Amino acid sequence: MTQDNEQGLTEHSKEVIRQFLTFTIADEHFGMELHQTREIIEYAGITQVPLMPQFLCGVINLRGEVVPVIDLSVRLGREPITIHKRTCVIVVELHSFEQHCILGLLADSVNEVIELPASDIEDAPAFGAKIRSEFILGIAKSAEDFIVLLDAEKTLSPIELAHLVEAELEQNDAQ
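Computed from a prediction, not measured in an experiment: that's the story for all the values here.

Asker: Kindly report on the overall build of the protein, identifying the contributing residues and their values.
Answerer: Counting secondary structure elements, the protein contains 4 helices and 11 strands. When burial is assessed residue by residue, the protein has 41% of its 175 residues classed as buried. A sequence separation of at least 24 residues applies to 57% of the contacts in the protein between residues at least 6 apart. Of the accessible surface of the protein, which amounts to about 10,500 Å², a share of 51% is contributed by carbon and sulfur atoms.

Asker: Got a sec to walk through the packing of aromatic side chains? Specific residues and values, please.
Answerer: Counted by the stated rule, this structure contains 1 aromatic pair. A ring pair is formed by Phe23 and Phe30, whose centres lie 6.1 Å apart and whose planes are at 20°; its orientation type is stacked. Neither Phe23 nor Phe30 differs from the other in exposure class; each is buried. Its guanidinium or amino end placed over the ring of Phe55, Arg75 lies 6.0 Å from that ring's centre, counting from NZ or CZ. One cation-aromatic arrangement involves Lys141 over Phe146; the distance from NZ or CZ to the ring centre is 5.6 Å.

Asker: Tell me about the pairing of strand S11 (residues 146-150), and please be specific about residues and values.
Answerer: A large share of S11 lies buried, amounting to 4 of its 5 residues. Bridge count between strand S2 (residues 28-33) and S11: 2 bridges; the pairing is parallel. Bridge pairing in S11 places Phe30 opposite Val148. Relative to S11, strand S10 (residues 136-141) runs antiparallel, the two being bridged by 5 bridges. The residue bridging Ala140 from the neighbouring strand is Ile147, located in S11. The turn joining S10 and S11, which pair antiparallel and follow one another in sequence, is formed by 4 residues.

Asker: A description of the side chain of Gln36 should follow, citing residues and the corresponding values.
Answerer: Examined against the element boundaries, Gln36 turns out to sit in the loop between S2 and strand S3 (37-42). When residues no more than four places from it in sequence are discounted, the contact partners of Gln36 are Val91, Val92, Glu93, Leu94, Ala152 and Glu153.

Asker: Can you explain a negative patch on the surface? Please cite residues and give values.
Answerer: Taken together, the side chains of Glu15, Asp120, Glu122 and Asp123 make up a negatively charged region of the molecular surface. Residue position: Glu122 is located in strand S9 (residues 121-122).

Asker: Give me the sheet that holds strand S6 (residues 88-95): which residues, what numbers.
Answerer: Spatial strand order, S3-S6-S7-S5-S4: 5 strands in an open sheet with mixed pairing. Pairing within the sheet leaves two strands with one partner each, and these edge strands are S3 and strand S4 (56-62). With strand direction ignored, the average angle separating the axes of adjacent strands in the sheet is 30°. Pairing between strand S5 (residues 65-71) and strand S7 (residues 100-107): 3 bridges, direction parallel. Along S7, the bridge assignment pairs Asp71 with Leu106.

Reading the values: rules and limits
- Residues numbered from 1 in each chain as written.
- Predicted model: local features only at pLDDT ≥ 70, side-chain atom pairs only at ≥ 80, totals over all residues.
- Heavy atoms only, no water.
- Helix = DSSP H or I, 4+ residues; strand = E, 2+ residues; numbered from the N terminus.
- Buried < 20%, exposed > 50% of the residue type's maximum accessible area, 1.4 Å probe, protein only.
- Contact = heavy atoms within 4.5 Å.
- Areas by Shrake-Rupley, 256 points an atom, 1.4 Å probe, with all protein chains shown as cover.
- Phe/Tyr/Trp six-rings, centres within 6.5 Å; stacked < 30°, edge-to-face > 60°.
- Lys NZ or Arg CZ within 6 Å of the ring centre and 35° of its normal.
- Pairing = 2+ DSSP bridges.
- Patch = residues over 30% accessible without salt bridge, like charges linked within 9 Å, V, L, I, M, F, W, Y side chains within 5 Å.
- Salt bridge = Lys/Arg side-chain N within 4 Å of Asp/Glu carboxyl O.
- Lys, Arg positive; Asp, Glu negative; His and termini not counted.
- Charge placed at Lys NZ, Arg CZ, Asp CG, Glu CD.
- Axes fitted to C-alpha atoms, helices over the stretch in contact; angles between N-to-C directions.

Remember, this is a structural readout, not a statement about activity or role.
Structure representation (structure tokens):
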């Protein structure tokens, strides 16, 4: 066996393991890659900003840094999250070709960090997911349910979010 063949077998036998932070929104389980998560904080109120779209709840002061908070439920086309004692803010840090940004995501609760080999992640369904397909990185099966793995770069694209805010402001100006 040549050295190239041995290396190819070794690379093939190594499967990439990815870590995901799992959380719940309205009894549905979601996951986001752990490396994009900066921290999780207990919900302690949000300062609302007037004339913002419904998905943008407001801002929080995170150690002197103003962080916009997005209601992920609304962003995914669902009803706004009802605040309760397990409600939390997942602070994510995104580095994309567009820009670097820090956002807070409102979630009903955070569950756990799971490790998944790439082979355990199924492709997003082409239809019937009730979520824009480009937001879905894949589907993973947990012990009892499926976990929708979100593509944070696409779900929280700063350029798309900015366009949605501008559209809301233009709509408010027209009224």
